[in-house]
Amino acid sequence: MAESAAKRLKTSDSTVKIGTHNGHFHADEALAVHMLRQLPAYASSSLIRTRDPALLETCHTVVDVGGEYDASRHRYDHHQRTFTTTFPGRPTKLSSAGLVYLHFGRALVAQRLGQEDEDSEVVGVVWRKLYESFVEALDAHDNGISSYDPEALAAAGIEPRFSKGGFGLGAVVGRLNPNWNEALPTDPTEAQAFEDARFEQASRRIGEEFDRDLAYYTTAWLPARSIVQEAYAKRNEYDPEGRIMVFEGLSVPWKDHLYTLEEELGVEEKNKVLYVLYPEKPVPEAKWRIQAVPVTKDSFQSRKALPEPWRGARDEALDEITGVPGGVFVHASGFIGGNKTFDGAKALADKACAF
């Protein structure tokens, strides 16, 4: 594992300079600069955007330019022909964002958690999760790596049904570059200042998204981990085959943690959780939801959707179809439904499992 550069970081003055390239900017160096500036040593850093080796040599840290990856010298470029570095356990070649995150990410997570130990298990859990859910997409985008194998899609004759709108993490930054016919200052110094201002805007923009994910995974996703573990451990109390999981107080972000638990425990397909029950609100009289577990976190396909005859039905009509009183609704796609009581939601889950 790469040693945390933040542990070895030493600066002699308050005017630390970060260097990156000028010209058309991308999401990876915009995020790399933002991440560095969240750490105390870089909080007041200045930025030089240039390809001049002499100017870059004056910088304490250089990202995405210079043709060198040497963490001991704080050089984080990935354009070398021989560069093959990846994040531990992941296949995607790193960009400058991934390199900075590899060496400084644990410090960022520990800082957000208020922990001094960057090597703690809990810091590592969030460090890996944030890479897989956010930074890796930027690494892939900058290195021209598709999330699906284009040749396999073509061979299978699979084509998209509609445009995704051309918007993703890369576009968050890319669309802040000047348009080809945009009026720019004619003076070279003013033109560079204009471009640098746009880059700073782009760095803040992608940084906002990163910070939002960092906050979510440390303050919401991580605390949910133990709650899901507890609910999962009690699942056989509700179904002998462990197909029903219940949150007794309040629903939490459960999908990632459920998939991880099942993978770690090597759970057979027949014993995987099919339905999750939870109250709509943390109050005694709250209505209850029954949600089918999706095949994957972001999938619209369920492991076992609620029975087709129930879908789209509501209230008394739903009660007549299911034979369970207190029905509220079942979504037309069968991924979620509701009942006025826990007992009603549990009865629906039992019937759905047996359907």
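Quick note: structure is the one above.
In this text the structure is predicted, and so the values were computed from the model without any measurement. Starting afresh in each chain, residues are numbered from 1 along the sequence in its written order. Reporting of local features is limited, given that this is a predicted model, to residues whose pLDDT is at least 70; pairs of side-chain atoms are given and counted only at 80 or more, and all residues count toward the totals for whole chains, interfaces and linings. The side-chain quantities take in all heavy atoms of the structure and omit both hydrogens and water.

Enquirer: Describe the packing of aromatic side chains, listing the residues and the values that go with them.
Expert: Paired rings are identified among Phe, Tyr and Trp, the last through its six-membered ring, by centres lying within 6.5 Å, and are further divided according to the angle between planes into stacked (under 30 degrees), edge-to-face (over 60) and tilted (the rest). All chains considered together, the criterion is met by 15 aromatic pairs. Aromatic pair Tyr 76 and Phe 104: ring centres 6.0 Å apart, planes at 75°, arrangement edge-to-face. With Tyr 76 in strand S5 (residues 75-76) and Phe 104 in helix H4 (residues 96-113), this pair connects stretches of sequence that are 28 residues apart. Taking 5.7 Å as the distance between ring centres and 75° as the angle between the ring planes, the aromatic pair formed by Phe 134 and Phe 210 counts as edge-to-face. Only runs of H or I of at least four residues qualify as helices and only runs of E of at least two qualify as strands under DSSP, and these elements are numbered from the N terminus.

Enquirer: So what's going on with the pattern of salt bridges? Residues and values would help.
Expert: Side-chain pairing between opposite charges can occur once the charged atoms of the two side chains come close. Think of a salt bridge as a Lys or Arg side-chain nitrogen and an Asp or Glu carboxyl oxygen that are within 4 Å of each other. Inspection of the entire model under this criterion finds 19 salt bridges. Linking Glu 209 and Arg 212 is a salt bridge whose minimum nitrogen-to-oxygen distance equals 3.3 Å. Of the two residues, Glu 209 and Arg 212 both sit in helix H8 (residues 188-233), three residues apart, roughly one turn of that helix. Under the relative-accessibility criterion, Glu 209 is labelled partly exposed at 22%. A relative accessible area of 48% places Arg 212 in the partly exposed class. Taken together, the salt bridges that share partners define one network made up of Arg 49, Glu 195 and Asp 196. Throughout, exposure labels follow a simple rule: accessible area from a 1.4 Å probe, protein chains only, divided by the maximum for the residue type, with under 20% read as buried, over 50% as exposed, and the rest as partly exposed.

Enquirer: I'd like a description of H8, backed by residues and values.
Expert: Over its 46 residues, H8 extends 65 Å from the first C-alpha to the last, a length consistent with the 68 Å expected when each residue adds 1.5 Å. Tyr 217 marks the point of greatest bend in H8, at about 40°. One less than the residue count of a helix, multiplied by 1.5 Å, gives the span that helix is expected to have. Think of it this way: the bend at a residue is just the angle between two axes, each fitted to seven residues, one set ending at that residue and the other starting at it.

Enquirer: Account for the pairing of strand S2 (residues 46-49), with residues named and values stated.
Expert: Any two strands with at least two DSSP-identified bridges between them are counted as paired. Note that strand S1 (residues 17-20) and S2 share four bridges and pair parallel. By the bridge assignment for S2, Gly 19 is matched with Ile 48. Look down the strands so they point away from you; if going from the first strand over the helix to the second traces a clockwise path, that crossover is right-handed. Read as a crossover between parallel neighbours, the route from S1 over helix H2 (residues 27-37) to S2 is right-handed.

Enquirer: Run through the sheet that holds strand S4 (residues 69-70), naming residues and quoting values.
Expert: The five strands lie next to each other as S2-S1-S3-S5-S4, forming an open sheet whose pairing is mixed. The open sheet is flanked by S2 and S4, the only strands paired with a single partner. Along the sheet, H8 makes contact with S1 and S2, crossing S2 at roughly 120°. Any two residues having at least one pair of non-hydrogen atoms within 4.5 Å are treated as being in contact. To obtain each axis, a line is fitted to C-alpha atoms, and for helices this fit is confined to the stretch in contact; angles are then taken between N-to-C directions over 0 to 180 degrees.

Enquirer: Tell me about the sheet that holds strand S9 (residues 327-330), and please be specific about residues and values.
Expert: Judged by pairing direction, the sheet is mixed, and its five strands sit side by side in the order S6-S7-S8-S10-S9 without closing on themselves. Each end of this open sheet is capped by a strand with a single partner; those strands are strand S6 (244-246) and S9. Averaged over all pairs of adjacent strands, the angle between their axes in this sheet comes to 20°, without regard to strand direction. Bridge analysis of S9 against strand S10 (residues 336-339) gives three bridges, and the strand direction is antiparallel. The partner of Phe 329 across the bridge, within S10, is Gly 338.

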